[in-house]
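Coordinate analysis (summary)
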Amino acid sequence: MLTPVWEIEPGSEEPLIVHVNSTATGGGVSELLRGLVRHQFAGWAVIAGTADFYALTKYLHHLLHGRADPGLLDDPAPMRTYRATLAPQSEWFARRVTHGDVVVLHDPQTLGLAPAVKAMGARVVWHCHIGAEVPPERGPGAFWRAFAPELATLDAVVTTLPGFAPPGVRNQFVIPPAIDPAATKNRELTRDEVTSVLAENGLTTDRVSAGVTVTQEQPLPHDARVVLQVSRWDRLKDMPGVARCIVGLPEDVHLVLAGTDPTEIPDDPEGLAVLAEVRETLAGLSEADRTRVHLVNISLKQPEHNALVVNALQRRADVVLQKSLEEGFGLTATEAMVKGRAVVASAVGGLRLQIEDGHNGLLVDPADLDGVRAALTGLLDDPALRGQLGERARAGVLERYSMRRLAADYESLVARLT
Ligand code: UDP
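Let me begin by describing the structure that accompanies this report.

This part covers unusual backbone geometry. Its identity is not glycine, yet D107 carries a phi of approximately 70 degrees, on the positive side. By secondary structure assignment, the location of D107 is in helix α5 (residues 107–111). The class of D107 is buried, set by a relative accessible area of 9%.

With that settled, consider the nonpolar core. Soluble globular proteins tend to bury their nonpolar side chains together. By size, the foremost hydrophobic cluster in this structure holds 41 residues, and its most contacted members are F93 and W126. Of all the secondary-structure elements, those providing two or more residues to this core are β2 (17–21), α2 (51–64), α3 (77–86), α4 (91–94), β4 (102–106), α6 (114–119), β5 (123–128) and α7 (140–146). A per-element tally of this core places α2 first, with seven residues.

Side chains A156 and V158 of strand β6 (residues 156–159) all project onto a buried face; the interleaved residues V157 and T159 project onto the opposite face, where all are buried too. Alignment of β6 against strand β7 (residues 172–174), held across three bridges, turns out to be parallel. Within β7, the position partnered with V157 by the bridge is Q172.

All right, on to the environment of S231 then. Looking at where S231 falls in the secondary structure, it is placed in the loop between β9 (225–230) and α10 (239–244). Counting along the chain gives 205 residues from S231 to G26, while the straight-line C-alpha distance between them is 9.7 Å. Contact partners of S231, with chain neighbours within four places excluded, come to K237, M239, A258, G259, T260 and Q322. A polar side-chain atom of S231 sits 3.2 Å from a polar atom in the side chain of Q322.

Basis of the calculations
- Residues numbered from 1 in each chain as written.
- Predicted model: local features only at pLDDT ≥ 70, side-chain atom pairs only at ≥ 80, totals over all residues.
- Heavy atoms only, no water.
- Helix = DSSP H or I, 4+ residues; strand = E, 2+ residues; numbered from the N terminus.
- Buried < 20%, exposed > 50% of the residue type's maximum accessible area, 1.4 Å probe, protein only.
- Core = buried A, V, L, I, M, F, W, Y, C linked by side-chain atoms within 4.5 Å.
- Pairing = 2+ DSSP bridges.
- Contact = heavy atoms within 4.5 Å.
- Polar contact = N/O pair within 3.5 Å; in protein donor to acceptor, adjacent residues only side chain to side chain.

See the structure below:
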């Protein structure tokens, strides 16, 4: 059944917005909603699902990125399981949503609720945060066909890039995500605070912390230059490829791979397997290289602690890498940029939207490891360039990706629906 994350406060003249996604913590959508609901007259609830359901929605996620076999949807059984999981959950809306309210279903996991919620008189928006600019036959086409009944009931579709939307929808909106610069994840930290967060959580010491598991041969040296990637352990983030980048980087450069504890995100069943692949990659490195790679698993059970650790890691990094194979947007890049970090990111999807190569970061081909290493080394060896890119990155994020802007975009969307 649906579980409320952010309760709806009664009594406003405005139409109520109810956001629905698949997880209260872990990943960009929950991060975004945590900030957004504070700027809206809105509620937020998360769906429940079984392991089968999340295995299917993970497949659908990869399908929309052109990274899964579209033929699997020729079998009607998976979509039956999907719809059967969501159908009873629509009852939750009957007591909460009145005519004219707006229900925003986020990502493929919740799209199946659309027909039932529409039948209750609400206006239904699908906000799809993911996608890739790939030909429809590579995956998205099969997704659109399988979800045709749901898509037909929508009042509007929101995507980060125009090319991520299904064909032929009425009311298509392009709204990029946003971050909250004052949140624990992003607020200013002094150098001493950064140092003590990393020490207390066992990255630069041998200390054991309740919320953070660090796997490393030796603590991170204080004078090391640091390249960081923060991601869920998702295949499309290519953490094994990031680990391989260490080979050939200057000897004082260390890599920190930080991610959420993979056992804690229900809708992300591949995490453990991806983490195992990273460990396998490390086992294949020379001892000297392996010693320069640090794995950090952060628990989401204490979201504020997770946010503080991510903030400190991003501030400690000399360069932040986001070597995704595909990326809907990439809040991890935005978060690094608002901290004035120099970012090296794959020239894909939403990362291309955020970064103009050579202006506020560097773009690379994620398949070209030598190119990625060259970009990292070039930046690490050029503090002035890092400073310039970082400063422009910071200014750009504050101008383009504020929560206030996102809330205003939503406000005009809702106005257009009435
Ligand atoms: N994140 C986090 N702790 C982690 C790993 C990731 O809080 O250990 C957060 C990260 O800071 C960002 C979000 O998860 O806010 C990831 O969003 P992004 O858009 O980069 O990718 P997604 O996970 O949505 O694909």
